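Geometric and topological summary
Here are the chains, one letter per residue:
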Amino acid sequence: MTTQSTARIIDGKAFAATLRMRVAQEAVRLKAEYDLVPGLATVLVGNDPASEVYVRNKGKTAEAIGFRSFHTSLPADAGERDVLAHVAALNADPAVHGILVQMPLPKQIREAAVLDLLDPRKDVDALTATNAGLLVSGRATLVSCTPAGMMMLLKEYTGDIAGLNALVIGRSLLFGKPAAQLLLAANATVTMAHSRTRDLPDIARRADILVAAIGQPFFVKGDWVKPGATVIDVGINRVDAGDGKTKIVGDVDFDEAEKRAGAITPVPGGVGAMTIVCLMRNTLIAATLQAGLSMPDLQE
C-alpha cells in the first residue's frame, strides 16, 4: 500500500507570472508619468554555456516587460582591470539602474574587487557588503533575488511564520545567509546548517520550515522532514536520466519528502522560477529610488 501525498505543491511558476505582470504594469506607469525606463545591465566574462543562457534569459525578460537591457561580454582571459573599468562605466551611466555581474568569475578576477566597486544602489543581486549589511540591520531595499522569492512564496503558502522553527541548510552569500536574515526578520527561530553540521537529520526533523540550498542532489531525505513541515528546495542539480539524457532535480528527495511535508516546492517550477522576476523587481525598485521616487507598491 502506497502512502498518499498530502503536501500542497508550492507553484513558484504561477506566482512568478503574477509578479512579472505587476512589475510590467509598474514599468508602464513609470514611463507614462515620469518618462523613466528601468535599465538592467549584465556583464558576462567567459563563455560558460549555463551562464550564457542565464544572462540571455535575463536580457529577454527585461525587454519583454519594458525595461532597457544592456549587455557586455568579455573573453575568459579578460584582465581584472578591464572588468573593473566596465563596471565603473556602468556605475556612471544614468540609463543603467541595475548591474548584474554574472558569477562565478574566472580565477584571475577577484569577485571581492568587483563587488567593492559596484554601486550598491545598482547592485540588483544584493551581493555588495553595503547591501548585506543593510539586510542585517533591517534597512535593505535591495534583497538577494532567490531568498526574496522564497519569502514571497512562504507568505503566500504558509502565512505568518512568527515563532516557527526554520532550518537553512547552506551558508552561501547568494542564498543561505540572506535567507536566514529574512526568516529572522519575519520572526522565525532560525538555525543555519551546512555539510559539516553534526546530527543534521535530527535537527531537520525539528524544523517547521526546512530550506535546502546545499547543491547536492537528493541530499535531504524524506524521513528528515517533520510531518506537516514546509519544504523549500533551492537546489538545481543536473543528473543522469538514462539513455544519454539528463534532468534537473533539487537538493531534496521530492518523492519521499512530499509524503510527509505540508507544502513543498518542486524542482523545477518552485523557488527557481522566482529568481529572474525578483531581479526585475529589484531593477524597478533601484530605478525608482535613483529617480527620487517612492518605493513601488507591488503587493506581493
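Conventions adopted
Residues numbered from 1 in each chain as written. Predicted model: local features only at pLDDT ≥ 70, side-chain atom pairs only at ≥ 80, totals over all residues. Heavy atoms only, no water. Helix = DSSP H or I, 4+ residues; strand = E, 2+ residues; numbered from the N terminus. Buried < 20%, exposed > 50% of the residue type's maximum accessible area, 1.4 Å probe, protein only. Polar contact = N/O pair within 3.5 Å; in protein donor to acceptor, adjacent residues only side chain to side chain. Contact = heavy atoms within 4.5 Å. Disulfide = S-S within 2.5 Å. Core = buried A, V, L, I, M, F, W, Y, C linked by side-chain atoms within 4.5 Å.

What to know about the side chain of S144
Its place among the elements puts S144 in the loop between α5 (129–136) and α6 (145–157). The class of S144 is buried, set by a relative accessible area of 3%. Side-chain polar atoms of S144 contact the backbone oxygen of L174, separated by 2.6 Å.

Quick look at the environment of L289
Its place among the elements puts L289 in helix α10 (residues 272–290). Considered as a pair, L289 and S144 are 145 residues apart in the sequence and their alpha carbons are 17 Å apart. Discounting residues that sit within four places of it in the chain, L289 has contacts with T141 and M295.

Focus: the state of the cysteines
Considering all chains together, one arrives at zero disulfides under this definition. C278 forms no disulfide, and the closest cysteine sulfur to it belongs to C145, at a distance of 6.3 Å.

Focus on the nonpolar core
The biggest cluster of nonpolar side chains holds 50 residues, and the ones touching the most others in it are M150 and L183. Listing elements by their share of this core, those giving two or more residues are α1 (12–34), α6, β5 (165–169), α7 (176–185), β7 (209–212) and α10. Among all residues touching L183, those that are not within four sequence positions of it are M150, M151, L154, I161, A166, V168, A188 and V190. Listed in part, the 21 residues of the second largest apolar core include A193, L200, L210 and A261.

None of this, on its own, says anything about what the molecule does.
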